[in-house]
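For reference, the chains in residue letters:
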Amino acid sequence: MSTALPLYAQLINLFAAVILLLAFAMLAQRRVLLLIDLFALQGFTLFLSTLVVAVKTGQHHLYWSAGLTLLLKVLLLPWILHRLVRKLQIKGEVEPLINIPTTMLVGIGLVIIAFNVALPISQLSHTITRGTLGIALAVVMLAFLMMITRKKAITQVVGFLSMENGLFLAATSATYGMPMVVELGIALDVLVGAIILGVFFFQIRDQFDSLDIHHMERLKDN
Amino acid sequence: MMISLSGLLGQIFSIALALVLAPLLTGWVGMCRAWLQSRSAPPLLQPYYMLRKLFNKDVVLAHGASSLFRVAPFVVFGCMVLACAIIPSLSTNLPLAPAADALALVGVFGLARVFIALAAMDIGTSFGTLGGRREMLIGFLAEPALLMVIFTVAMIVQSTSITTIVETLGHRELAIHPSLAFAGIAFTFVSLAENARVPVDNPATHLELTMIHEAMILEYSGRHLALIEWAAALKLYAYSCLGLALFFPWGIAGGDSFLALLAALPLLLLKLVIGGSVLALIETVSAKMRIFRAPEFLGTAFLLAVLGLLVRLLLELKA
């Protein structure tokens, strides 16, 4: 019975569930700006979850990664994305390749797969938070799904960043976080990636007058 | 099974309370909506005035109306009274409760829906048929979502009887159930759709493009219409009580005594007042969506409920 679980484990489970919920909300969201806000919210939940793990286990580097999460994924990256949307004057709605209800159904299938795959793996782990491994895997797969099914480059970038959220959750839940160097490296990677992709957006738009990456199929040598 | 006198008394009291409170709840939601939209609010007793007016009027029947058309309001009203009787609002000591568990309750709602849709098609007007079809569309999407919500809660308690659910959830130490959070959101979606509330239907409109519930009851008049309006209020009350019972079960009396029942009354009133104003808030901030978006809305509710089940399996059931 879940009443046997201590409070912090319940909190971590709750935050993990909220992250999964937000991943689905992002999948269902039609507006670009709201999508970015949802991403920021997901980052904030991740920050809270990491903080709880840090307080519970007393591992110092987890405080650092929680702070890094807050700084990067809640403040900096959403701000960059908001600025990009404004500068590129992206208006209107996200254009999915498959319609949204179908995407959601596929998403549920992915969640079932992720949970089943993660179950035997999480039994090997001895951390208090191993149950959330399945959720982390599901978030990664849902973000992947979002990258695959969206036409516009900017939503694909949000999907990419959300995938990193999932990986981070997996790292904290399975092994109480990666070593500091790795985490710093990944955080920097993501930041630089977002900035470079931002520059790409301008290039893509200059070339094709649109952010639809389908046009890029015309880029062939011959 | 022996039915104790106090149990019987409590059962009768809770039915009477439902009959009295249901129009008040509808009136309260209307008041809150008016305030939020900065209109001057109708009086709290407005639904009562309307019921009295309708009961005093004569019934006008269409030429083609069959007996089904005349029976349907009574069946719908009866279904809603039964639903209010088996959902524990004040006490879990309900002699009628063994008659139907949560799954049968969904069936009772379904029975009412089928009757009102049939009655709407009975006259043969285009509006009635349109409303009946739309209602069935909403219904067949909302029902599985509601069932999934009930399954999620039933898995936690290991029983589908509503009284057992309330007793188990209400009288044990506080625990955070992420699955219940999912189920709660899904249940909110379903109740908005089932009670013809704003994102799906607008109870205050008679615009042919959008109306669902109103289109079905256009041909009704007099006491028939009064019964249907009362049944709609009872349905809102039943859904509110079901939501309170599943997700906020604290304060519902478990014992036998009539006094405990009365003690539970203020808390129920408080919960209903808060619930009603939240409903008004949701209705005010959200826009009515196109009818073809309703499947997506209810599909999301179904998905959330399934997610709740999955999260329950993954997070809360491990050894």
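Rules used throughout
Residues numbered from 1 in each chain as written. Chains lettered and ligands numbered in written order. Predicted model: local features only at pLDDT ≥ 70, side-chain atom pairs only at ≥ 80, totals over all residues. Heavy atoms only, no water. Helix = DSSP H or I, 4+ residues; strand = E, 2+ residues; numbered from the N terminus. Rg over C-alpha atoms; globule rule 2.2 N^0.38 Å. Buried < 20%, exposed > 50% of the residue type's maximum accessible area, 1.4 Å probe, protein only. Contact = heavy atoms within 4.5 Å. Lys, Arg positive; Asp, Glu negative; His and termini not counted. Charge placed at Lys NZ, Arg CZ, Asp CG, Glu CD. Buried area = accessible area lost by both parts, 1.4 Å probe. Salt bridge = Lys/Arg side-chain N within 4 Å of Asp/Glu carboxyl O. Polar contact = N/O pair within 3.5 Å; in protein donor to acceptor, adjacent residues only side chain to side chain. Core = buried A, V, L, I, M, F, W, Y, C linked by side-chain atoms within 4.5 Å. Phe/Tyr/Trp six-rings, centres within 6.5 Å; stacked < 30°, edge-to-face > 60°. Lys NZ or Arg CZ within 6 Å of the ring centre and 35° of its normal. Axes fitted to C-alpha atoms, helices over the stretch in contact; angles between N-to-C directions. Parallel < 35°, antiparallel > 145°, perpendicular 65-115°, else oblique. Left-handed = near helix turned anticlockwise from the far one by under 90°. Nonpolar A, V, L, I, M, F, W, Y, C, P; charged D, E, K, R; others polar. Expected span 1.5 Å × (residues − 1). Bend = angle between axes of the 7 residues up to and from the residue. Patch = residues over 30% accessible without salt bridge, like charges linked within 9 Å, V, L, I, M, F, W, Y side chains within 5 Å. Areas by Shrake-Rupley, 256 points an atom, 1.4 Å probe, with all protein chains shown as cover. pLDDT = per-residue confidence, 0-100.

S.K.: What am I meant to see in the overall build of chain B here?
M.R.: Secondary structure assignment for chain B yields eleven helices and zero strands. At 19 Å, chain B has a C-alpha radius of gyration in line with the 20 Å of a compact globule built from 319 residues. When each of the 319 residues of chain B is scored for burial, the buried share is 53%. Considering only intrachain contacts with a sequence separation of at least 6, the fraction spanning at least 24 residues in chain B is 81%.

S.K.: Please clarify how the overall build of chain A should be interpreted in this entry.
M.R.: Check the secondary structure of chain A and you find seven helices and zero strands. Order of helices (α) and strands (β) in chain A, N terminus to C terminus: α-α-α-α-α-α-α. Principal axes of the C-alpha set define a box for chain A whose edges measure 60 × 35 × 35 Å. In chain A, the proportion of contacts linking residues at least 24 apart, taken out of those at least 6 apart, comes to 75%. Side-chain charges of chain A comprise 15 positive and 11 negative groups, with the mean position of each set lying 6 Å from the other.

S.K.: Just to check I follow, could you spell out unusual backbone geometry for this structure?
M.R.: The phi angle of most residues is negative, glycine excepted, and most peptide bonds adopt the trans form. Residue and element names in this part refer to chain B. The phi dihedral of Ser38 falls on the positive side, at around 45°, and the residue is not glycine. Its location among the elements puts Ser38 in the loop between helix H1 (5-36) and helix H2 (46-56). The phi angle at Gln158 is positive, at roughly 65°, despite the residue not being glycine. With respect to the secondary-structure elements, Gln158 resides in the loop between helix H5 (126-157) and helix H6 (162-170).

S.K.: Honestly, the interface of chain B and chain A in this entry has me stumped. Any pointers?
M.R.: A common measure of how large an interface is: the accessible area buried when the components associate. Counting residues at the interface gives 24 residues for chain B, matched by 27 residues for chain A. Buried surface at the junction of chain B and chain A, summed over both partners, amounts to about 2300 Å²; 76% is from carbon and sulfur atoms. Considering only the surface of chain B that becomes buried against chain A, Ile176, Leu303 and Leu314 of chain B emerge as the three largest contributors, covering 27% of it. Taken together, chain B and chain A are joined by one salt bridge. We note a salt bridge from Glu296 of chain B to Arg30 of chain A, for which the minimum N-O separation is 2.7 Å. Put simply, chain B and chain A have one residue pair in polar contact (both at pLDDT 80 or more) between them. Those elements that provide at least two residues to the side of chain B that touches chain A are helix H7 (178-194) and helix H11 (294-316) of chain B.

S.K.: Would you explain the nonpolar core in this entry?
M.R.: Soluble, globular proteins show a tendency: their nonpolar side chains are buried together. Membership of the largest hydrophobic core comes to 157 residues, with the highest contact counts inside it found for Leu20, Val111 and Ile135 of chain A together with Tyr237 of chain B. No other element matches helix H9 (residues 222-247) of chain B, which puts 18 residues into this core. Grouped together as the second largest cluster of nonpolar side chains are seven residues, Val53, Ala54, Leu62 and Tyr176 of chain A included.

S.K.: What should I look at first to understand the packing of aromatic side chains in this one?
M.R.: Evaluated as defined, the whole model comprises nine aromatic pairs over all chains. Between Phe69 of chain B and Tyr220 of chain B, the ring centres sit 4.2 Å apart and the planes meet at 0°, which makes this aromatic pair stacked. One end of the pair, Phe69 of chain B, is in helix H3 (residues 67-86); the other, Tyr220 of chain B, is in the loop between helix H8 (213-216) and H9, with 151 residues separating them in the sequence. Taken together, the ring pairs in this structure connect Phe109, Phe187, Tyr239 and Phe247 of chain B into an aromatic cluster. Taking the ring centre of Phe168 of chain A as reference, the NZ or CZ of Lys73 of chain A above it sits at 4.4 Å. Residue placement shows Arg83 of chain A over the ring face of Trp79 of chain A; its charged tip is 5.5 Å from the ring centre.

S.K.: Hey, could you run me through the pattern of salt bridges in this one?
M.R.: Should their charged atoms come close, side chains of opposite charge can pair. Overall, the coordinates contain eight salt bridges over all chains when judged by the stated rule. Glu164 of chain A is the salt-bridge partner of Lys73 of chain A, the closest N and O atoms lying 2.8 Å from each other. Here Lys73 of chain A, found in helix H3 (residues 60-88), pairs with Glu164 of chain A, found in helix H6 (residues 153-175); they are 91 residues apart in sequence, far enough to count as distant. Neither Lys73 of chain A nor Glu164 of chain A differs from the other in exposure class; each is buried. Of the charged contacts, one joins Arg293 of chain B and Glu296 of chain B as a salt bridge, the two residues approaching to 4.0 Å between their closest N and O atoms. Judged by its relative accessible area of 33%, Arg293 of chain B falls in the partly exposed class. Among the ionic contacts, a cluster of salt bridges with common partners joins Arg113, Glu143, Glu194 and Lys235 of chain B.

S.K.: Hey, could you run me through the packing of H1 of chain B against H3 of chain B in this one?
M.R.: In a pair of packed helices, the angle between the axes and the distance between the axes together describe the arrangement. Residue and element names in this part refer to chain B. Relative to each other, H1 and H3 sit at 125°, their axes nearing to 9 Å. For the element pair H1 / H3, the angle class is oblique. Judged by the sense of rotation from one axis to the other, the crossing of H1 with H3 is right-handed. Contacts between H1 and H3 involve Gln11, Ile15, Ala18 and Leu19 from the former and Phe77, Val81, Cys84 and Ala85 from the latter. Among the residues forming the contact of H1 with H3, the class breakdown is seven nonpolar, one polar and no charged.

S.K.: Can you walk me through helix H10 (residues 258-285) of chain B in this structure?
M.R.: Owing to its 3.6 residues per turn, the α-helix aligns residues three or four sequence positions apart on the same side. Residue and element names in this part refer to chain B. A rise of 1.5 Å per residue sets the reference length of H10, with its 28 residues, at 40 Å; its end C-alpha atoms lie 41 Å apart and thus fit the reference within 8%. When the local axis directions of H10 are compared, the greatest deviation, roughly 25°, occurs at Leu265, which is followed within four positions by the proline Pro266. Buried residues along H10 sit against H1, H7 and H9.

S.K.: Explain a nonpolar patch on the surface to me, please; I cannot follow it from the model alone.
M.R.: Together, Leu71, Leu75, Leu76 and Trp79 of chain A give the surface a local cluster of nonpolar side chains, amounting to about 410 Å² of exposed area. Along the chain, the position of Leu71 of chain A falls in helix H3.

S.K.: Looking at this model, I keep getting lost on the confidence of the model for chain A. Mind explaining?
M.R.: Predicted coordinates in areas of low pLDDT are best not read in detail. On average, chain A scores 82 in pLDDT, and the residues at 70 or more come to 91%. Mean pLDDT across the secondary structure elements of chain A bottoms out at helix H7 (residues 180-208) of chain A, with 77, and peaks at helix H5 (residues 133-149) of chain A, with 90.

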